[in-house]
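# Coordinate inspection notes
One letter stands for each residue in the lines below.
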Amino acid sequence: NNPGFSGGPVIFWDHYERKRKIVGIISGYISQAGEIKRIETSAKDFYRENSGIGIAYSIKPVTDLIKSISK
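Below is a summary of the structure that appears in this document. Note that the structure is a prediction, hence the values are computed from the model and not measured.

## A few points about the side chain of Asp 14
As for its position among the elements, Asp 14 is in strand β1 (residues 9-14). Side-chain polar atoms of Asp 14 contact the side chain of Lys 21, separated by 2.8 Å.

Here is the structure:
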């Protein structure tokens, strides 16, 4: 997940039905801290970066809502 991916689909391949399915919606990512050491002063600075672990939420509430209003 990268900045700008939020709201995008999380897709998987269903081997039984032999088609792609949406299982969730991307929400963000877990960040991790990195450390910068300054050689001249031995001071330390920190920064946040993408850990590569994405956060997503189930698509089920969305599909349930669509089903409830399309009856």
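## Looking at a nonpolar patch on the surface
A contiguous nonpolar surface patch, about 380 Å² in accessible area, is contributed by Ile 30, Ile 53, Ile 55 and Tyr 57. The leading source of residues in the nonpolar patch is strand β3 (residues 44-58), at 3 residues. For Ile 55, a relative accessible area of 30% puts it in the partly exposed group.

## Focus on the pairing of strand β2 (residues 19-37)
Taken together, the 6 bridges between β1 and β2 define a ladder with antiparallel strand orientation. Of the residues in β2, the one forming a bridge with Val 10 is Gly 24. Here β1 hands over to β2 after 4 residues, with Arg 18 in that stretch at a positive phi of 55°. A loop of 6 residues connects β2 with β3, the two strands running antiparallel in sequence, and Ser 42 in this loop sits at a positive phi of about 60°.

## Brief notes about the pattern of salt bridges
Using the criterion set out here, one finds 5 salt bridges in the structure. A salt bridge links Asp 14 to Lys 21; its shortest N-O distance comes to 2.8 Å. With relative accessibility at 11%, the residue Asp 14 sits in the buried group. With its nearest N and O atoms 2.9 Å apart, the salt bridge here joins Lys 60 to Asp 64. With Lys 60 and Asp 64 both in helix α1 (residues 60-69) and 4 residues apart, this pair spans about one turn of that helix. When salt bridges with common partners are traced through the structure, they connect Asp 14, Glu 17, Lys 19 and Lys 21 into a single cluster.

What counts and how
Residues numbered from 1 in each chain as written. Predicted model: local features only at pLDDT ≥ 70, side-chain atom pairs only at ≥ 80, totals over all residues. Heavy atoms only, no water. Helix = DSSP H or I, 4+ residues; strand = E, 2+ residues; numbered from the N terminus. Polar contact = N/O pair within 3.5 Å; in protein donor to acceptor, adjacent residues only side chain to side chain. Patch = residues over 30% accessible without salt bridge, like charges linked within 9 Å, V, L, I, M, F, W, Y side chains within 5 Å. Areas by Shrake-Rupley, 256 points an atom, 1.4 Å probe, with all protein chains shown as cover. Salt bridge = Lys/Arg side-chain N within 4 Å of Asp/Glu carboxyl O. Buried < 20%, exposed > 50% of the residue type's maximum accessible area, 1.4 Å probe, protein only. Pairing = 2+ DSSP bridges.

That's the geometry; what it means functionally is another story.
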